[in-house]
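Tertiary structure, described
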Number of protein chains: 4
Amino acid sequence: MIKFGIVGMGLRGNLFADTLRQNPHAELAAVSDAFPAALERSREKYGVPGYADVKEMLDKERLDALVIATPDFLHREPVLLAAERGVHFMVEKPFSTSVEEAEEMREAVNRAGIKCMVAFENRWNSPFVAVKEAVSGGEIGDILTINARLNDTIYVPTKMLKWSTGSSPGWFLLPHATDIALWLKPEASPVRVYAVGTKKKLAGMGIDTYDSIQSVVSFDDGTHAAFTTSWVLPESMPLIYDFKYEIIGDSGALYVDLADQMVRQAGGVYRHVHTLGTPINGQLTSAPSCMLNAFVNHVRLDTAPEAGADAGLLNTKLVDAIHRSAASGHAEKI
Amino acid sequence: MIKFGIVGMGLRGNLFADTLRQNPHAELAAVSDAFPAALERSREKYGVPGYADVKEMLDKERLDALVIATPDFLHREPVLLAAERGVHFMVEKPFSTSVEEAEEMREAVNRAGIKCMVAFENRWNSPFVAVKEAVSGGEIGDILTINARLNDTIYVPTKMLKWSTGSSPGWFLLPHATDIALWLKPEASPVRVYAVGTKKKLAGMGIDTYDSIQSVVSFDDGTHAAFTTSWVLPESMPLIYDFKYEIIGDSGALYVDLADQMVRQAGGVYRHVHTLGTPINGQLTSAPSCMLNAFVNHVRLDTAPEAGADAGLLNTKLVDAIHRSAASGHAEKI
Amino acid sequence: MIKFGIVGMGLRGNLFADTLRQNPHAELAAVSDAFPAALERSREKYGVPGYADVKEMLDKERLDALVIATPDFLHREPVLLAAERGVHFMVEKPFSTSVEEAEEMREAVNRAGIKCMVAFENRWNSPFVAVKEAVSGGEIGDILTINARLNDTIYVPTKMLKWSTGSSPGWFLLPHATDIALWLKPEASPVRVYAVGTKKKLAGMGIDTYDSIQSVVSFDDGTHAAFTTSWVLPESMPLIYDFKYEIIGDSGALYVDLADQMVRQAGGVYRHVHTLGTPINGQLTSAPSCMLNAFVNHVRLDTAPEAGADAGLLNTKLVDAIHRSAASGHAEKI
Amino acid sequence: MIKFGIVGMGLRGNLFADTLRQNPHAELAAVSDAFPAALERSREKYGVPGYADVKEMLDKERLDALVIATPDFLHREPVLLAAERGVHFMVEKPFSTSVEEAEEMREAVNRAGIKCMVAFENRWNSPFVAVKEAVSGGEIGDILTINARLNDTIYVPTKMLKWSTGSSPGWFLLPHATDIALWLKPEASPVRVYAVGTKKKLAGMGIDTYDSIQSVVSFDDGTHAAFTTSWVLPESMPLIYDFKYEIIGDSGALYVDLADQMVRQAGGVYRHVHTLGTPINGQLTSAPSCMLNAFVNHVRLDTAPEAGADAGLLNTKLVDAIHRSAASGHAEKI
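Treat the numbers as computed from the prediction; the structure is a model and nothing was measured.

1. A look at the relation of the copies chain D and chain A
Once turned by 180° and shifted 0.0 Å along the axis, chain D lies on chain A with an RMSD of 0.0 Å. Put plainly, the chains are arranged around a two-fold axis. When the interface residues of chain D are mapped onto chain A, 100% of them again fall at the interface, so both copies present the same face.

Structure follows, in structure tokens:
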């Protein structure tokens, strides 16, 4: 049994705790959160020790692995602490919001020889799994062009997240979209980025971040990808997110649209029901749960995570370049 | 470990064998098939004894449970054999194509006190699981009207199935659609059926069965459901099946459409990629696998199957009435 | 210039008046409405004489043609008056809600030798026009099966119409769906009907009519069609109506879905924008306007209306049989 | 009656000729085409004089107006000839593929005081007309972000067009998408562009142009738009083009998708039937026909075209900057 601690008991931390409780090879041993109320709730819910401080948790509990689910910009400390102690970890995307920190974290991971997995959960999301198989199987030939959109309704930055000012749709959403591209094109490297950002609506509400970002990424094989993201869709949208992917190859094309998941419901409001990962037989089957189960296996069987510190660093470099370009008005190198 | 034998090693039998190999509580102990070639392939693939005769398999192997995946009209014999020996079983839908046989089979099951589960796999299909939860949670109020369509392309009766003449879109497809209705409205009983069937295209190809059936089912709570099915869609359809469900309640409505599963692919042809149940981490997660895993748990934990012999018999009565009505031209009682 | 009078200045009467004002060959000469307020509004808006009584209008004005846009069950009187005076007319669907009256009306039309057109506007609705061309061009071979759904949100019977108690989704909506089938299969005749109806929600609100009707129609060529309709969809549906059509031929299939017209809008609520017939260059181009323009041409050029009294009577017989069957519980002949 | 000549009798020239024959205020007086076969066909079909040379046509016929439907890069000569003689004209988009030529053409138009309309036909395409009305009516507030995609299958550059090497998806497709943005945001000016292009597939087939272009346009109000285009979609796509538009405002959002026009057909292949502008009552009602009818009215009633030489020039400047940026690797000013 692999003993796990979770850092950050928000929505995601809870989902990971629930997943661990269903995994026959893992055990949730402790949780930590800086907010007393969240900590108390989790302590009660899961019946495990709770810590306000990660260091203390690592000192007091003999943990094999951590799940790090803190806000986007607070990954460095728990990662370094885990590395120091040789504790494996899965960390939320983005790996970091700072290239410098990401490099430091990767360095620490490599030195420690631990398993590090970055939570690019869409690699376990069935539509993208099917796409990856089609691309790997040569079904659309060489990829020429990728265009992706990932938007949230304004509910996310204004009501769901307490820390949206410290993030952006770029840091919160784009890592999903850019990781898919990097995953589908492992043989090519992103080399140049151009991006623009709009700051109006959220800034006017006192949340100093981008409403939208539009970016173009160039790869060293002469192909390109466009990524757009927005955090200000109306709350009346039928699903909280709108994730679309277009992949044009030289002998085929693939289209993914997660905005409509096969069930629509009209009642007080109209909505597209989220059915990807609906629990079946009580088993959690959504992408984040499948991802964590994969991580448990990597620790257990000593196999290599699908997305390690290198993938995390590259993604951070790419998204960082997007933000640099949006600020500078110029194309930026990665 | 629950020792399983599988009867009928077609597409479905193989899927169930693969599923059992992944289930930590089950073991595939033997397979049987009347066709020597299919039997030989399965014996080699799974490395277990193979039998041309079910009786012989049951005599020679100490099996705890059977999976019965024979053609629609060949369920009776293995079911009765299993019941005789007190062997639990999961049997493909429809339970039977004969009400008389279904009653005999239910009787045998009850006498034997074994677990019997009828493979109404859509009860484990995430969109319908989400719908069931919404309905059970009162989200659309009382159900007033159900309309469902379940079609296949002509590939299924002409190329996939060797025994389509002995079946019909009514027996092969409608049990899925009618079971969902019976599952969503457990408090109401179907009492009357009217149906019509068209015999032209398939009959002209030497397959003496219906191209399409259209039916209306009345429940004892004064509500009704319409079910249509066809087996003659063009092979150019982007998915081999077209399954749609409309559920109108007195305070909401639900719409399911499985014809487009979020991924579309263009290449030599255009198609909607089947992503429901894409294996993740190598794990089989499609509805039939989840269903069989549920059955393993029922045997293991001595719990009641979601759809037992009663549900199987009721479904057979309903679909039989549909066929009777299509033949008689009159409404028929159930 | 063809001089027109309009009978019934509701939503539809106004749309027809606006259409006539744009037609270079027609002139709106008078309007009539039994409700003084509606009459006064129209008189002012169109600057033409207004009459509470149709007979008086016909006596005082020298009209060439009438548009009859009264409630479903009030077509007989203006039709007979028009026939008496040899005045051509276009009348809203259904032709009549009574087979007896429809026969009387057809008789009067034939005797008078006037142009009569029944407003089956979907024959001028571009998606159905495209379907008709594909079917007529043999692109799907012989039609084997038709399945159609036409629903409205509960807004229509509870807020839009003042006279819904005197009608039903059967009389208000099904004539559209059944007419399309009769139009696509001119060589076959409907001979038998079975239908069921649910009366719960609207009845509970004091509107004594069906919530939903489900029906199966058999043709003399051995093929069948299923028509379902509902008047109780939640008002949160993204479009006020949901019109879908499935046509399966022996060498192809056609699918129409008018529920999503290519534009979606999220704001206070989420909705599918109605774009069929958006005016272009200020010209009214929706199906009802194209239909009325076609009628003007029939009068002007002495050509035969696409849907005359025979088509109107046949449609009324079919929808009447649906209502008879829903009441009797038996299949009914047409 | 306004006497028209058409320059360029390809697919579009023929459509415009057919449209003029239905317009009660216009007369097709002559046609011209550099290819003898096309010229001969048109001469016979329309029964009007045909000229290999535009100048000769203008000299011999007393024309009031021209429709110029030559390839993208061959608009200058007929435009200047028309301006010289004071003949009004409607010219295909793009106005020009050269900013220098576009300026010369605008100058000539202004000097001549003639009507010039650039054929941005989507301004007459019902979904975009509905969008324009919603935006103008303030329904989504101020526009923050626009993202658009306009792709063709590879059929267009390899089989439909003989002159694709001299054009690009940038010149052939993007003017539609960029014009919509400029039309929806008349108060803002595009000031900066960044773009990338992929040259692989078509170049490998001997057609030296871009497979895809991805671009970001910045406006002087601090908002941005992303436009992507591709000319290499598989021919198996269900519609020859894929046109999608996302418009995010500060109080709402609009989504346009022309890839599925409400009718789907399966037969030999699967396709989305093109229903926008299906002729009704024999009348041509597609966007290009409505546009030309609008131009006829502008000439007739001396009103200002919706998109004149200024709009044409601005669009050319924008698309030219996209091509300059794709070549230079830097953001370019407009």
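2. Let's talk about the nonpolar core
If you look at the biggest cluster of nonpolar residues, it comprises 236 residues, and the most contacted ones within it are Tyr245(A), Tyr245(B), Tyr245(C) and Tyr245(D). Setting aside anything within four residues of it in sequence, one finds Tyr245(B) in contact with Phe128(B), Ile146(B), Asn147(B), Ala148(B), Ala177(B), Ile180(B), Ala181(B), Phe227(B), Leu254(B), Tyr255(B) and Val256(B).

3. A look at the packing of helix α1 (residues 11–22) of chain C against helix α11 (residues 287–301) of chain C
Residues and elements named next belong to chain C. The contact between α1 and α11 brings their axes to 10 Å, and the two run at 55°. With respect to α11, the axis of α1 lies oblique. In the packing of α1 onto α11, the handedness of the crossing is right-handed. From α1, Arg12, Leu15, Phe16, Thr19 and Leu20 reach across to α11, where they touch Pro288, Ser289, Met291, Leu292, Asn293 and Val296. In terms of residue class, the contact of α1 with α11 is built from seven nonpolar, three polar and one charged.

4. Side note on the interface of chain C and chain B
Think of interface size as the accessible area that goes away when the parts come together; that is how it is often given. With 39 residues of chain C in contact, the opposing surface of chain B contributes 39 residues. Overall, the association of chain C and chain B removes approximately 3000 Å² of surface from exposure, summing both partners, and the carbon and sulfur fraction of that is 59%. Considering only the surface of chain C that becomes buried against chain B, Leu144(C), Tyr194(C) and Gln214(C) emerge as the three largest contributors, covering 19% of it. Across the pair Glu246(C) and Arg149(B) runs a salt bridge, and its minimum N-O distance is 3.3 Å. Taken together, the connections running from chain C to chain B amount to 20 residue pairs in polar contact (both at pLDDT 80 or more). Listed by contribution, the elements that provide at least two residues to the side of chain C that touches chain B are β7 (143–153), β8 (190–198), β9 (212–219), β10 (224–233), β11 (241–249) and β12 (253–257) of chain C. Sort the elements by how many residues they give to the side of chain C that touches chain B and β10(C) lands first, with seven residues.

5. What about the domain arrangement of chain A?
Residue and element names in this part refer to chain A. Partitioning chain A into structural domains gives domain 1 (2–120 + 284–307) and domain 2 (123–277 + 314–333). Just the C-alpha atoms count here: the centres of domain 1 and domain 2 sit 25 Å apart. At the junction of the two partners, domain 1 supplies 23 residues and domain 2 supplies 18 residues. In this assembly, domain 1 packs against domain 2 so that about 1800 Å² is buried in total across both faces, 68% of it on carbon and sulfur atoms.

6. Observations concerning helix α2 (residues 36–46) of chain B
Residue and element names in this part refer to chain B. Among the residues making up α2, those that are buried are Ala38, Leu39, Ser42 and Tyr46. Along the long axis of α2, the arc covered by the buried residues comes to 100°, so they all point the same way. Projecting away from the buried face of α2 at angles above 90 degrees are the exposed residues Pro36, Arg41 and Glu44. Of the surrounding secondary structure, the elements contacted by the buried residues of α2 are α1 (11–22), β2 (26–32) and β3 (50–51).

7. Focus: the pairing of strand β10 (residues 224–233) of chain D
All names here are of chain D. With 10 of its 10 residues buried, β10 lies for the most part within the structure. Pairing between strand β7 (residues 143–153) and β10: eight bridges, direction parallel. Looking across to β10, one finds that Leu150 is bridged to Thr229. Examined bridge by bridge, strand β9 (residues 212–219) and β10 share seven bridges and lie antiparallel to one another. Counted as the bridge partner of Ser218 is His224 from β10. The hairpin formed by β9 and β10 contains four residues between the paired strands, and Gly222 there has a positive phi angle of roughly 80°.

8. A look at the interface of chain D and chain A
Each partner contributes residues to the interface: chain D has 39 residues there, and chain A has 39 residues. Of the roughly 3000 Å² buried between chain D and chain A on both sides combined, carbon and sulfur atoms contribute 59%. Interface area lost by chain D to chain A is led by Leu144(D), Tyr194(D) and Gln214(D), which between them contribute 18%. At the surface where chain D touches chain A, the tally comes to two salt bridges. Those elements that place two or more of their residues in the side of chain D that touches chain A are β7, β8 (190–198), β9, β10, β11 (241–249) and β12 (253–257) of chain D. Looking at the side of chain D that touches chain A, the element that brings in the most residues is β10(D), giving seven residues. Split into classes, the residues belonging to the side of chain D that touches chain A amount to 15 nonpolar, 15 polar and nine charged.

9. Things to note about the UniProt feature "domain: GFO/IDH/MocA-like oxidoreductase" (unreviewed entry) in chain A
The positions that UniProt labels "domain: GFO/IDH/MocA-like oxidoreductase" (unreviewed entry) are, in the present scheme, residues 128–254 of chain A. Helix makes up 27% of residues 128–254 of chain A and strand makes up 39%, while its end C-alpha atoms are separated by 10 Å.

10. What about the confidence of the model for chain A?
For chain A, per-residue confidence averages 97 on the pLDDT scale, and 100% of positions sit at 70 or higher. The ipTM assigned to the predicted complex is 0.96, against a pTM of 0.97.

11. Points about a nonpolar patch on the surface
Among the surface-exposed residues, Leu11(A), Tyr155(A), Met160(A) and Ile240(A) lie close enough to one another that they form a single nonpolar patch of about 350 Å² accessible area. Inspection of the secondary structure puts Tyr155(A) in helix α7 (residues 155–160).

12. Things to note about the packing of helix α9 (residues 174–184) of chain C against helix α12 (residues 309–328) of chain C
Residue and element names in this part refer to chain C. Relative to each other, α9 and α12 sit at 120°, their axes nearing to 10 Å. With respect to their mutual orientation, α9 and α12 come out oblique. As for how α9 packs across α12, the hand of that crossing is right-handed. Contacts from Leu174, Pro175, Thr178, Asp179 and Leu182 of α9 reach α12 at Leu314, Asn315, Leu318, Val319 and Ile322. When the residues that make up the contact of α9 with α12 are grouped by side-chain class, the tally is seven nonpolar, two polar and one charged.

13. Observations regarding the pattern of salt bridges
Here the structure, examined in full by the defined rule, presents 100 salt bridges over all chains. Its salt-bridge partner being Asp320(B), residue Arg324(B) comes within 3.0 Å of it at the nearest N-O pair. One end of the pair, Arg324(B), and the other, Asp320(B), are both in helix α12 (residues 309–328), four residues apart, so they sit about a helical turn from each other. The class for Asp320(B) is buried, based on a relative accessible area of 17%. A salt bridge links Lys159(D) to Glu235(D); its shortest N-O distance comes to 2.8 Å.

14. Description of the side chain of His272(A)
The topology assignment puts His272(A) in strand β14 (residues 270–272). Looking at His272(A), its side chain comes within polar contact range of the main-chain oxygen of Ala259(A), at 2.7 Å. Discounting residues that sit within four places of it in the chain, His272(A) has contacts with Pro238(A), Leu239(A), Ala259(A), Asp260(A), Val263(A), Arg264(A) and Arg264(C).

15. Thoughts on the sheet that holds strand β14 (residues 270–272) of chain C
The strand order across the open sheet formed by nine strands is β14(C)-β13(C)-β12(D)-β11(D)-β7(D)-β10(D)-β9(D)-β8(D)-β15(D), and the pairing between neighbours is mixed. The open sheet is flanked by β14 of chain C together with β15 (332–333) of chain D, the only strands paired with a single partner. Where β11(D) lies against β12(D), five bridges are found, and the strand directions are antiparallel. Opposite Tyr245(D), over in β12(D), you have Val256(D) as the bridge partner. Along the sheet, helix α6 (residues 126–136) of chain D makes contact with β13 (263–266) of chain C together with β7, β11 and β12 of chain D, crossing β12(D) at roughly 175°. Helix α12 (residues 309–328) of chain D rests against β8, β9 and β15 of chain D of the sheet, and its axis sits at about 50° to β8(D).

16. Things to note about the relation of the copies chain C and chain B
Overlay of chain C on chain B (RMSD 0.0 Å): rotation 180°, translation along the axis 0.0 Å. Comparing contact sets, 100% of the residues at the interface of chain C also lie at the interface in chain B, consistent with an isologous, same-surface contact.

17. Brief notes about the UniProt feature "domain: Gfo/Idh/MocA-like oxidoreductase N-terminal" (unreviewed entry) in chain A
In the numbering used here, UniProt assigns the "domain: Gfo/Idh/MocA-like oxidoreductase N-terminal" (unreviewed entry) feature to residues 2–120 of chain A. Between the end C-alpha atoms of residues 2–120 of chain A there is a gap of 22 Å, over a span that is 45% helix and 24% strand.

18. Comments concerning the pairing of β7(D)
All names here are of chain D. Most of β7 sits out of view: 11 of its 11 residues are buried. As paired strands, β7 and β11 are joined by nine bridges and run antiparallel to one another. Following the sheet pairing, Arg149 is matched in β11 by Lys244.

19. Notes on unusual backbone geometry
Pro94(A) follows Lys93(A) through a cis peptide bond whose omega is -10°. Here Pro94(A) shows up in the loop between β5 (88–92) and α5 (99–112). At Asp302(A), a position not held by glycine, the phi torsion is positive, near 55°. Inspection of the secondary structure puts Asp302(A) in the loop between α11 (287–301) and α12 (309–328). Not every positive phi belongs to a glycine, and Met262(B) is a case in point at roughly 80°. Take Met262(B): it is sitting in the loop between β12 (253–257) and β13 (263–266).

Definitions and cut-offs
Residues numbered from 1 in each chain as written. Chains lettered and ligands numbered in written order. Predicted model: local features only at pLDDT ≥ 70, side-chain atom pairs only at ≥ 80, totals over all residues. Heavy atoms only, no water. Least-squares fit on C-alpha atoms with pLDDT ≥ 70 in both. Contact = heavy atoms within 4.5 Å. Core = buried A, V, L, I, M, F, W, Y, C linked by side-chain atoms within 4.5 Å. Buried < 20%, exposed > 50% of the residue type's maximum accessible area, 1.4 Å probe, protein only. Axes fitted to C-alpha atoms, helices over the stretch in contact; angles between N-to-C directions. Helix = DSSP H or I, 4+ residues; strand = E, 2+ residues; numbered from the N terminus. Parallel < 35°, antiparallel > 145°, perpendicular 65-115°, else oblique. Left-handed = near helix turned anticlockwise from the far one by under 90°. Nonpolar A, V, L, I, M, F, W, Y, C, P; charged D, E, K, R; others polar. Buried area = accessible area lost by both parts, 1.4 Å probe. Salt bridge = Lys/Arg side-chain N within 4 Å of Asp/Glu carboxyl O. Polar contact = N/O pair within 3.5 Å; in protein donor to acceptor, adjacent residues only side chain to side chain. Domains from an automatic or database assignment. Arc of directions from axis to C-beta. Pairing = 2+ DSSP bridges. UniProt positions renumbered as here; feature names shortened; annotations may be inferred. pLDDT = per-residue confidence, 0-100. Patch = residues over 30% accessible without salt bridge, like charges linked within 9 Å, V, L, I, M, F, W, Y side chains within 5 Å. Areas by Shrake-Rupley, 256 points an atom, 1.4 Å probe, with all protein chains shown as cover.

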